[in-house]
Amino acid sequence: MWQRKQTLFLLCSLAAVIVCLLSPVGAVTSETVGAANLLTNLGWSGESVEGLPAWPLFIFMAITGILSVVDIFLYHNRKRQMSICSYAMLSDLLWYVYYIVFYAGISASMHIRFAACLPLVSCIFLFMAKKGIKADDDLVKSMDRIR
């Protein structure tokens, strides 16, 4: 299980998700105070800014993290493992859709932080893991044909 390259890709995806959950993904500068309010996946670090709630960002990242952990331990069922990888990638893409809608709904000037690129990194690792799982599945099928 741990020697498979897709397990390492899933762990890297999980690490990107954890760093994204703990880091700010945006900052809003207020005209009145002049200080920056940081946007994390759970909400605002300072005073709240009017607009959509930020908690769906956390939900999408948490789903991706949970699916990555579950995916590591499903190495016996490769078809299910590939479908769970697809659902985790979908959750990453939904995070970006909500982030763009959230960004467009804020009236103040918002600046994107580095952690906003981590769901894309997670999605790339999940894609590479899915590709490795598919290669394992093809290898097993070819061995079955030889018998």
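S.K.: Even after reading the chapter, I still don't get the packing of helix 1 (residues 5-22) against helix 2 (residues 55-72), so can you show me in this structure?
M.R.: Helix-helix packing is characterised by the crossing angle of the two axes and by the distance between the axes. Interhelical geometry of helix 1 versus helix 2 gives an angle of 155 degrees and a closest axis separation of 9 Å. It follows that helix 1 is roughly antiparallel to helix 2 by the angle criterion. Considering the relative orientation of helix 1 and helix 2, their crossing is left-handed. Residues Thr7, Leu10, Leu11, Ser13, Leu14, Val17, Cys20 and Leu21 of helix 1 pack against Phe58, Met61, Thr64, Gly65, Ser68, Val69, Asp71 and Ile72 of helix 2. Partitioned by chemical class, the residues of the contact of helix 1 with helix 2 number 10 nonpolar, 5 polar and 1 charged.

S.K.: I'm lost on helix 1 in this one. Help?
M.R.: Side chains three or four residues apart in an α-helix point the same way, a direct result of the helix having 3.6 residues per turn. An ideal rise of 1.5 Å per residue puts 26 Å on 18 residues; helix 1 measures up with 26 Å between its terminal C-alpha atoms. For helix 1, the set of buried residues is Gln6, Thr7, Phe9, Leu10, Ser13, Leu14, Ala16, Val17 and Cys20.

S.K.: What is the right way to look at the pattern of salt bridges in this model?
M.R.: Where charged atoms from two side chains of opposite charge come close, those side chains can pair. Using the criterion set out here, one finds 4 salt bridges in the structure. The residue Asp138 makes a salt bridge to Lys134 at a minimum N-O spacing of 3.3 Å. You can see Asp138 and its partner Lys134 sitting in helix 4 (residues 118-146), 4 residues apart, about one turn around the helix. Its relative accessible area of 39% is what places Lys134 among the partly exposed residues. What you see here is one network of salt bridges that share partners, running through Arg78, Lys79, Asp137 and Lys141.

S.K.: Help me understand the nonpolar core in this model?
M.R.: Across soluble globular proteins, you tend to see nonpolar side chains buried next to one another. Counting 20 residues, the largest nonpolar core has Val25, Leu39, Trp95, Tyr99, Phe102 and Ile106 as the members making the most contacts within it. Looking at this core, the elements with two or more residues in it are helix 1, helix 2 and helix 3 (78-105). Beyond its immediate stretch of four places on either side in the chain, Phe102 contacts Leu39, Trp44, Leu52, Pro53 and Ala54. Counting 13 residues, the second largest nonpolar core, distinct from the first, contains Phe9, Ile84, Ala88 and Leu126.

Reading the values: rules and limits
- Residues numbered from 1 in each chain as written.
- Predicted model: local features only at pLDDT ≥ 70, side-chain atom pairs only at ≥ 80, totals over all residues.
- Heavy atoms only, no water.
- Axes fitted to C-alpha atoms, helices over the stretch in contact; angles between N-to-C directions.
- Helix = DSSP H or I, 4+ residues; strand = E, 2+ residues; numbered from the N terminus.
- Parallel < 35°, antiparallel > 145°, perpendicular 65-115°, else oblique.
- Left-handed = near helix turned anticlockwise from the far one by under 90°.
- Contact = heavy atoms within 4.5 Å.
- Nonpolar A, V, L, I, M, F, W, Y, C, P; charged D, E, K, R; others polar.
- Expected span 1.5 Å × (residues − 1).
- Buried < 20%, exposed > 50% of the residue type's maximum accessible area, 1.4 Å probe, protein only.
- Salt bridge = Lys/Arg side-chain N within 4 Å of Asp/Glu carboxyl O.
- Core = buried A, V, L, I, M, F, W, Y, C linked by side-chain atoms within 4.5 Å.

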